[in-house]
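In case you want the letters, here they are:
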Amino acid sequence: MMIVNLDDAFEAYLKGWMKDNAQKYGNNMDKLEEMVPDVYMEFLKQPLESLNGQTPEDYFGGIREAGELVSMLRAYILRHTPVPDLLLERIVDTGEEAVPLLLDLIRDPAQDEEIRMTAVSLMQEIGGDQPMNLYIDLIAPLAEQSDLGDICAESLSTMGPRVVEPILARYETAGETAKNIFADILCNFPGDDRIYAILEERFRTQSAMRALFASYLAKYGDERALPALLEASRLPGLGYLDFVEIANAIEALGGERPAEREYAGDPYYEALSHMGE
């Protein structure tokens, strides 16, 4: 197994290419930079000494076993070496053969978090809902936001409405952070009274995230949220950003936008007011 920094190798190749082709393109840096993607594709076909004379395409294309590819992925990340796109593409190409190996990485808390997150991304590219319950299990106990939890939530959102029932089954026993993450996913699937009740409850109780949950209610598209939104728009001490999101949600649901309030002195209002100066 050869762990090669292809980014560094390409950077050296690109410098040489630009030196050789500067006159051809009239020393036009914009034009030279436009050519970088094509130069990269050319680079992938060049023999590299660091790959024992093989081209990057031939080296990674010649690895057929999913196990070897996934082991190489771990090695790249653990050695803090940029993971080549060719390696990621080869893992995706192996499809179902890679699935159990990637799931083992995701569920193993001893693995480096970047390894687990990369495995989630690869599973999303491979497709399928095999990791659905695993992702829900990983999110449910979270006491605070995490990058791994976020990417699991993103992947769940792409699986469609089949995630709704498993999430609802875990919702009541989940912590507050997990409930907020689950609400973010559920707001993509309108037409369920249980989901609406969750979103309205989150909006009413999570005052520090009022703007976020107003946007979820707007996305969900249920006009029953209007009374709660209108009530919140009149709260004393309501921050400017919260007011804007709430007002936007009211409009999105067919209500009349609340009258503007006085926000002189609010740091967000002042910052936005001076952006055009």
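Scroll up to find the structure.
Residues numbered from 1 in each chain as written. Predicted model: local features only at pLDDT ≥ 70, side-chain atom pairs only at ≥ 80, totals over all residues. Heavy atoms only, no water.

Trainee: For the packing of aromatic side chains, give the residues involved together with the corresponding values.
Mentor: Going through the model one piece at a time under the given rule, you end up with eight aromatic pairs. Centroid distance Phe 10 to Phe 43: 5.3 Å. Interplanar angle 55 degrees. Geometry classified as tilted. Of this pair, Phe 10 sits in helix α1 (residues 6–21) while Phe 43 sits in helix α3 (residues 36–43), and the two are 33 residues apart along the sequence. With a relative accessible area of 12%, Phe 10 lands in the buried category. Note on Phe 43: relative accessible area 0%, which makes it buried. (Phe/Tyr/Trp six-rings, centres within 6.5 Å; stacked < 30°, edge-to-face > 60°. Helix = DSSP H or I, 4+ residues; strand = E, 2+ residues; numbered from the N terminus. Buried < 20%, exposed > 50% of the residue type's maximum accessible area, 1.4 Å probe, protein only.)

Trainee: Break down the packing of helix α13 (residues 193–205) against helix α15 (residues 226–233) for me, citing the residues and quoting the values.
Mentor: Put simply, α13 and α15 touch, their axes get as near as 11 Å, and they point 10 degrees apart. One element, α13, and the other, α15, form an angle in the roughly parallel class. Every residue of α15 that contacts α13 at Glu 200, Phe 203 and Arg 204 is listed here: Ala 228, Leu 229, Glu 231 and Ala 232. Residue classes in the contact of α13 with α15 are distributed as four nonpolar, no polar and three charged. (Axes fitted to C-alpha atoms, helices over the stretch in contact; angles between N-to-C directions. Parallel < 35°, antiparallel > 145°, perpendicular 65-115°, else oblique. Contact = heavy atoms within 4.5 Å. Nonpolar A, V, L, I, M, F, W, Y, C, P; charged D, E, K, R; others polar.)

Trainee: Requested: an account of the environment of Tyr 216, with residues and values cited.
Mentor: Mapped onto the elements of the fold, Tyr 216 is located in helix α14 (residues 210–220). Overall, Tyr 216 belongs to the buried group, its relative accessible area being 7%. As a C-alpha pair, Tyr 216 and Arg 257 span 41 residues in sequence and 17 Å in three-dimensional space. One polar contact links Tyr 216 to Asp 184, side chain to side chain, over a distance of 3.3 Å. (Polar contact = N/O pair within 3.5 Å; in protein donor to acceptor, adjacent residues only side chain to side chain.)

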